[in-house]
Amino acid sequence: MGLPMAGHLQSAGHALAVHTRTKGKADSLLERGAKWCDSAAEAARNADVIFVNVPDTPDVRAVLLGDTGVIAGARAGTIVIDHSTISPSATRDMAKMLATKGITLLDAPVSGGDIGAKNATLSIMVGGEKTAFDRALPLLHLLGKTITYTGVSGNGQLTKLVNQILVSVTNLATSEAMNFAQKSGLDAAATIQAVAGGAAGSWQLQNLGPRMLKGDFAPGFTIDLQQKDLRLVLESAAELGLSLRAVELVSQLFAKAQFRGWGSEGTQALFKTVAL
């Protein structure tokens, strides 16, 4: 997702210095004039705003706080915008460490998948200092359609976890509904049309339901990444003393999908687990 997002910034006329773990993934940006950097520290050295998009909490920690990370290169006054979905509590800790160097961290996880990234229609939920958010807002508008300031550091991540609860549980409901429709002898595609415009309608039903029926399990967002996010949800719930039974169930079903080797498939492959 980071590639098209960086491309939107570049298309708007912003000069890019880029670093990725696999250099070839940045080829299209480099061909258009982006500068290659051998480390996050080098990429951060002359940057006003730094964007990060990596899979999990340890990855963000390495990029931001490692020996060759952002903290080793960024100047005081720099804003870091982390689009990863990671631990809210770890985000707050990293924000405090960066602040000792005068660097401000905004946690800005996104929703909308690869399609949203390509079309610049992402929903972006942002936590951190309001003044930094206001400075970053014009850049964020190049990447997404709905930009929401959620409050203090970590709140962006917490809001994304709310999103993932809704997404994953609704995905399970869609999977079970499509399985029920098929096993009942209904025309499942016509059934989607019948119910999608009413109270049962959802993004999952309208977008993933047809793909389930076609056996199209190509990833927009993988089961492995969804499971990572659900782990973060359950960890945060445990910190709050909450029991999230529906999330626990859908995580167990995704684990079965991973056991069957479907972890790199799209989250709509949950349908295969439900249909067993």
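Residues numbered from 1 in each chain as written. Predicted model: local features only at pLDDT ≥ 70, side-chain atom pairs only at ≥ 80, totals over all residues. Heavy atoms only, no water.

## Focus: the overall build of the protein
Part 1 of the argument: Looking only at helices and strands, the protein has 13 helices and eight strands in total.
Part 2 of the argument: For 276 residues, the compact-globule estimate of 2.2 N^0.38 gives 19 Å, and the C-alpha radius of gyration of the protein, at 20 Å, lies within 12% of that figure.
Part 3 of the argument: By principal-axis analysis of the C-alpha atoms, the protein measures approximately 65 × 45 × 35 Å.
Part 4 of the argument: Buried positions account for 46% of the 276 residues belonging to the protein.
Part 5 of the argument: Considering only contacts in the protein between residues 6 or more positions apart, those separated by 24 or more positions represent 66%.
Part 6 of the argument: By element, 56% of the accessible surface of the protein is carried by carbon and sulfur atoms, the whole surface being about 13,200 Å².
Part 7 of the argument: Counting 25 positive and 23 negative side-chain charges, the protein places the averaged centre of each group 1 Å from the other. (Helix = DSSP H or I, 4+ residues; strand = E, 2+ residues; numbered from the N terminus. Rg over C-alpha atoms; globule rule 2.2 N^0.38 Å. Buried < 20%, exposed > 50% of the residue type's maximum accessible area, 1.4 Å probe, protein only. Contact = heavy atoms within 4.5 Å. Areas by Shrake-Rupley, 256 points an atom, 1.4 Å probe, with all protein chains shown as cover. Lys, Arg positive; Asp, Glu negative; His and termini not counted. Charge placed at Lys NZ, Arg CZ, Asp CG, Glu CD.)

## Observations concerning the packing of aromatic side chains
Part 1 of the argument: The full count for this structure, using the stated rule, is one aromatic pair.
Part 2 of the argument: One cation-aromatic arrangement involves Lys 130 over Tyr 149; the distance from NZ or CZ to the ring centre is 5.8 Å.
Part 3 of the argument: Taking NZ or CZ as reference, Lys 272 lies 4.2 Å from the ring centre of Trp 262, over its face. (Phe/Tyr/Trp six-rings, centres within 6.5 Å; stacked < 30°, edge-to-face > 60°. Lys NZ or Arg CZ within 6 Å of the ring centre and 35° of its normal.)

## Section: the packing of helix α4 (residues 57-65) against helix α5 (residues 88-99)
For any two helices packed against each other, the geometry comes down to the angle between their axes and how far apart the axes lie.
Part 1 of the argument: Where α4 contacts α5, the axes come no closer than 11 Å and their chain directions differ by 5 degrees. The orientation of α4 with respect to α5, classified from their angle, is roughly parallel. Residue-level contacts link Thr 57, Val 60, Arg 61, Leu 64 and Leu 65 of α4 to Ala 90, Met 94, Met 97 and Leu 98 of α5.
Part 2 of the argument: Here the contact of α4 with α5 is built from residues that sort into seven nonpolar, one polar and one charged. (Axes fitted to C-alpha atoms, helices over the stretch in contact; angles between N-to-C directions. Parallel < 35°, antiparallel > 145°, perpendicular 65-115°, else oblique. Nonpolar A, V, L, I, M, F, W, Y, C, P; charged D, E, K, R; others polar.)

## Quick word on the pattern of salt bridges
Part 1 of the argument: All told, the structure shown has eight salt bridges when counted by the stated rule.
Part 2 of the argument: Of the charged contacts in the structure, one is a salt bridge between Arg 231 and Asp 56, with a shortest N-O distance of 2.5 Å. Residue Arg 231 is found in helix α11 (residues 223-240), and its partner Asp 56 is found in the loop between β3 (49-52) and α4; the two are separated by 175 residues along the sequence.
Part 3 of the argument: Taking relative accessible area as the criterion, Arg 231 reaches 33% and is therefore assigned partly exposed. (Salt bridge = Lys/Arg side-chain N within 4 Å of Asp/Glu carboxyl O.)

## Describing the nonpolar core
As a rule of thumb, nonpolar side chains are buried together in soluble globular proteins.
Part 1 of the argument: Among the nonpolar cores identified, the biggest contains 25 residues, and Leu 16, Val 18, Ile 81, Leu 106, Ile 124, Val 126 and Leu 140 are the most heavily contacted of them.
Part 2 of the argument: The set of elements that each furnish at least two residues to this core consists of α1 (2-11), β4 (79-82), β7 (122-127) and α7 (130-140).
Part 3 of the argument: It is α7 that provides the largest number of residues to this core, a total of five residues.
Part 4 of the argument: Once you skip the residues sitting within four places of it in the chain, Ile 81 turns out to touch Val 49, Ile 50, Phe 51, Val 52, Leu 106, Ala 108, Ala 136 and Leu 140.
Part 5 of the argument: Counting residues in hydrophobic clusters, the runner-up holds 23 residues, among them Met 178, Val 233, Phe 254 and Leu 270. (Core = buried A, V, L, I, M, F, W, Y, C linked by side-chain atoms within 4.5 Å.)

## Side note on the packing of α11 against helix α12 (residues 245-259)
Part 1 of the argument: The contact between α11 and α12 brings their axes to 10 Å, and the two run at 150 degrees. Judged by the angle between their axes, α11 and α12 are roughly antiparallel. Judged by the sense of rotation from one axis to the other, the crossing of α11 with α12 is left-handed. Side by side, α11 and α12 meet where Ile 223, Asp 224, Gln 226, Gln 227, Leu 230, Val 233 and Leu 234 of the first sit next to Val 247, Glu 248, Val 250, Ser 251, Phe 254, Ala 255, Ala 257 and Gln 258 of the second. (Left-handed = near helix turned anticlockwise from the far one by under 90°.)

## Thoughts on α7
Part 1 of the argument: Regarding α7, the residues found buried are Ala 132, Phe 133, Ala 136, Leu 139 and Leu 140. Projection of α7 onto a plane perpendicular to its axis shows the buried side chains occupying an angular sector of 100 degrees, all on one side. With respect to the buried face of α7, the exposed residues turned more than 90 degrees away are Thr 131, Arg 135 and Pro 138. (Arc of directions from axis to C-beta.)

## Concerning the environment of Ser 84
Part 1 of the argument: Relative to the helices and strands, Ser 84 is located in the loop between β4 and α5.
Part 2 of the argument: Since its relative accessible area comes to 1%, Ser 84 is described here as buried.
Part 3 of the argument: Put simply, Ser 84 and Pro 109 are 25 residues apart on the chain and 5.4 Å apart in space, counted from C-alpha to C-alpha.
Part 4 of the argument: Dropping the residues within four chain positions of it, Ser 84 is found in contact with Val 52, Asn 53, Val 54, Val 60, Pro 109 and Gln 157.
Part 5 of the argument: Reaching out from Ser 84, the side chain makes a polar contact with the backbone nitrogen of Val 54 at a distance of 3.0 Å. (Polar contact = N/O pair within 3.5 Å; in protein donor to acceptor, adjacent residues only side chain to side chain.)

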